[in-house]
Amino acid sequence: MPTPPTYTDVQAAAERIRGHANRTPVLTSRRVNSELAASVFFKCENFQRMGAFKFRGAFNALSRFDEEQRRNGVITYSSGNHAQAIALSARILGVPATIVMPHDAPASKVAATRGYGATIVVYDRYTENREEIGQTLAAEHGMTLVPPYDHADVIAGQGTATKELFEEVGELDALYVCLGGGGLLSGAALAARALSPSCRIYGVEPKAGDDGLQSLRTGSIVHIDTPATIADGAQTQHLGTLTFEIIRREVDDIHTATDEELVEAMRVFAATLKIVVEPTGCLAFAAVRRLAAELSGQRVGVIVSGGNVDLARYASLLA
Ligand SMILES: *Cc1c(COP(=O)(O)O)cnc(C)c1O
């Protein structure tokens, strides 16, 4: 098994992405602070390139390719933000990219990915296995597979968002991070432990898919069926080997949020902070709103993970 990354890898990733990734803003709101009786700092990755933090991990992973890997190209499987992140990073670095996507992926996501110049390979979600297709194509064409979360360079890249947050606001009492497969949370944990050692670190996943919480409780990776939730970026079925190892070591606990709580958080983001956040990006703030009583008087970090949501869907969720 590959060894998990450390904070040194996060620092190296920060150097690699410098000048390519956006240093996203940290927003605060007097209104939110007075409603929650806490000081909340929002690290806004909805303002990242391609609209989510995933650009950081993808760009970091691709910038480490050697000559031969660059020539043969990158492959990944994803219908969401990781696909766009790989496609955009590959275009910037001049690497051919192949993305394996389900036949019923949203047209807007397919179009965005193709727009970055990637080759799309379509598969049937119900009868075919995307990981097998990815591995077969990778082996046949010598392409390098970069998975969405269980990869040391991806984790280190995602950690740079939290590194920037602490550099900007100083130490915090607690940090809340959206959780799917755990790339963002494990990278955040590496940065938080190094830059704010006493900060409590929490993951927040959809209530309908609480495999991360179950895994933390049982001490081994729990697999679940694809959960039904509006948080489409966190419909993962299990944590990764590397992400779980870091999460069980560094993360204090995992919370969950219901779809209704996500919509309420999305509404506050729009009405109060004036930002468009996708349902998955609302997970961390939804938990903070529910836990306000215990966070009173504290300095709290919230990672807002992305803002890619079809506007018609956004409007109907808020209606
Ligand atoms: C991928 C994604 C997540 C979950 O990240 P993991 O690294 O899989 O835990 C959260 N929010 C958004 C917007 C995402 O795209």
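An account of the accompanying structure is given in this report.

Here is what the cut-offs are and how they apply
Numbering of residues starts from 1 in every chain and runs along the sequence as written. This being a predicted model, a pLDDT of at least 70 is required before a residue's local features are given, and a value of 80 or more before pairs of side-chain atoms are given or counted; all residues contribute to the totals for chains, interfaces and linings. The basis for every side-chain value is the complete set of heavy atoms in the structure, and neither hydrogens nor water enter the calculation. Centres within 6.5 Å make a pair out of two Phe, Tyr or Trp rings, where for Trp the six-membered ring is used; the pair is then stacked when the planes are under 30 degrees apart, edge-to-face when over 60, and tilted otherwise. Elements are defined by DSSP. Helices are runs of H or I of four residues or more, strands are runs of E of two residues or more, and each kind is numbered from the N terminus. For every residue, the accessible area (1.4 Å probe, protein chains only) is compared with the maximum for its type, and the residue is labelled buried under 20%, exposed over 50%, or partly exposed between those bounds. Strand pairing is defined by DSSP finding a minimum of two bridges between the two strands. Here a residue-residue contact requires only that any non-hydrogen atoms of the pair lie within 4.5 Å. One heavy atom suffices: a residue is near a molecule or strand as soon as one of its heavy atoms comes within 4 Å of it. Whenever a nitrogen or oxygen atom comes within 3.5 Å of another N or O atom, the pair is scored as a polar contact, on the condition that within protein one atom can donate a hydrogen and the other can accept it, and that pairs from neighbouring residues in sequence are kept only if both atoms are in side chains. Residue-level accessible areas treat just the shown protein chains as cover; the underlying method is Shrake-Rupley with a 1.4 Å probe. In the scheme used here, Gly and all other residues not listed as nonpolar or charged are polar, with Ala, Val, Leu, Ile, Met, Phe, Trp, Tyr, Cys and Pro taken as nonpolar and Asp, Glu, Lys and Arg as charged.

Digging into the packing of aromatic side chains
Pairs of aromatic rings are described using the distance from one ring centre to the other and the angle between the two planes.
Now for step 1: This structure, assessed with the given rule, holds five aromatic pairs.
Now for step 2: Ring centres of Phe42 and Phe285 lie 5.0 Å apart, and the angle between their planes is 85°; on these two criteria the pair is classed as edge-to-face. Of this pair, Phe42 sits in strand E2 (residues 39-44) while Phe285 sits in helix H13 (residues 283-290), placing them 243 residues apart in sequence. We note that Phe42, like Phe285, is buried.
Now for step 3: Measuring from centroid to centroid gives 4.8 Å for Tyr176 and Tyr202, while their planes differ by 25°, and the two rings are stacked. A residue pair is termed long-range when its members are at least 10 positions apart, and Tyr176 in strand E7 (residues 174-178) and Tyr202 in strand E8 (residues 200-206) qualify at 26 residues.
Now for step 4: Since its relative accessible area comes to 2%, Tyr176 is described here as buried.

Describing the pairing of strand E10 (residues 299-304)
Now for step 1: Most of E10 is tucked away, with five of its six residues classed as buried.
Now for step 2: Sheet topology places E2 next to E10; six bridges connect them, and they run parallel. Within E10, the position partnered with Phe41 by the bridge is Gly301.

Quick word on the environment of Gly180
Now for step 1: Tracing the backbone through its elements, the reader meets Gly180 in the loop between E7 and helix H9 (183-195).
Now for step 2: Along the sequence, Gly180 and Ala231 sit 51 residues apart, while their C-alpha atoms lie 9.2 Å from each other.
Now for step 3: When sequence neighbours within four positions are dropped, the list of residues in contact with Gly180 reads Ala234, Thr236 and Leu239.

Notes on the site of the ligand
Now for step 1: Lining the immediate environment of the ligand, one finds 14 residues, of which Lys54, Asn81, Gly180, Gly182 and Ser305 sit closest.
Now for step 2: Side-chain polar atom of Asn81 to an oxygen atom of the ligand: 2.8 Å apart, as the coordinates give it.
Now for step 3: Between a nitrogen atom of the ligand and a side-chain N or O atom of Ser305, the distance comes to 2.6 Å.
Now for step 4: The protein chains hide 97% of the 380 Å² of surface that the ligand would expose on its own.
Now for step 5: The residue inventory of the shell around the ligand, partitioned by class, reads three nonpolar, nine polar and two charged.

Points about helix H3 (residues 54-63)
Now for step 1: H3 sits mainly inside the fold: nine of its ten residues count as buried.
Now for step 2: Of all the positions in H3, only Lys54, Phe55, Arg56, Gly57, Ala58, Phe59, Asn60, Ala61 and Leu62 are classed as buried.
Now for step 3: Where H3 is buried, its residues touch helix H1 (7-17), E2, helix H4 (67-72), strand E3 (74-77), helix H5 (81-93) and helix H8 (152-169).

So, unusual backbone geometry
Now for step 1: The residue Ala37 is not glycine, and still its phi comes out positive at about 55°.
Now for step 2: Residue placement: Ala37 occurs in the loop between helix H2 (30-36) and E2.
Now for step 3: The class of Ala37 is partly exposed, set by a relative accessible area of 41%.
Now for step 4: Here the phi dihedral of Met50 falls at roughly 55°; this positive angle occurs in a residue that is not glycine.
Now for step 5: With respect to the element layout, Met50 can be found in the loop between E2 and H3.
Now for step 6: A relative accessible area of 9% places Met50 in the buried class.

Focus: the side chain of Thr280
Now for step 1: Here Thr280 is to be found in the loop between helix H12 (259-273) and H13.
Now for step 2: Of the polar contacts made by the side chain of Thr280, one reaches the backbone nitrogen of Asp232; its length is 3.3 Å.

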